[in-house]
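# An overview of the molecular structure
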Amino acid sequence: MAEQHQQVKQSRVVKVDSEESWDFFISQATNQGCPVVVHFTASWCIPSVAMAAFFEELALNYQDMLFLVVDVDEVKEVASKMEIKAMPSFVLMKEGAQVDKVVGANPDVIKKRTEAFVSSFRSQYKMT
């Protein structure tokens, strides 16, 4: 039992549990110039559930980004506002606006798009 407790890592993925918390996290990220990656999921969607560990790992690799998870059944308003029609969906956001979206459980595509997003973001804000 003690070994299991030592292996538990602090999650870098923040669960959005209401429209208010969504608005708060997005406005905070926008004010701080922080890019956001959102995993829209559903507990009944096996591919979405399977992507949770990948998303956690992705969050650990990009410490300068905010990673959010939204259960579309728990926070329907946000899913509707972001026009989420299928799960899993991954949305990349900058300054409160969607800049990219990946629909489906495709870790390679999500990783490549996130890397490209981060590269463009970092080069845009690089000090000269």
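Look a little higher up for the structure.
Each value, and the rule that gives it
- Residues numbered from 1 in each chain as written.
- Predicted model: local features only at pLDDT ≥ 70, side-chain atom pairs only at ≥ 80, totals over all residues.
- Heavy atoms only, no water.
- Helix = DSSP H or I, 4+ residues; strand = E, 2+ residues; numbered from the N terminus.
- Buried < 20%, exposed > 50% of the residue type's maximum accessible area, 1.4 Å probe, protein only.
- Pairing = 2+ DSSP bridges.
- Right-handed = clockwise from strand over helix to strand, strands pointing away.

In the segment running from Met 87 into Pro 88, the intervening peptide bond is cis, with an omega of -5°. Checked against the element boundaries, Pro 88 lands in the loop between helix H4 (76-81) and strand E4 (89-94). Phi at Glu 95 is positive, roughly 55°, even though this residue is not glycine. Mapped onto the elements of the fold, Glu 95 is located in the loop between E4 and strand E5 (97-103). The exposure class of Glu 95 is exposed, given its relative accessible area of 52%.

Within strand E2 (residues 36-41), six of the six residues are buried, leaving the element largely enclosed by the surrounding structure. Alternating residues of E2 divide into Val 36, Val 38 and Phe 40 and Val 37, His 39 and Thr 41, and every residue in both groups is buried. Judged from the six bridges that link them, E2 and strand E3 (residues 66-71) form a sheet pairing that is parallel. Paired with Thr 41 across the strands is Asp 71, a residue of E3. Crossover connection from E2 via helix H3 (residues 46-61) to parallel E3: handedness right-handed. Looking at chain direction, E2 and E4 are connected through five bridges and run antiparallel. Looking across to E4, one finds that Phe 40 is bridged to Ser 89.

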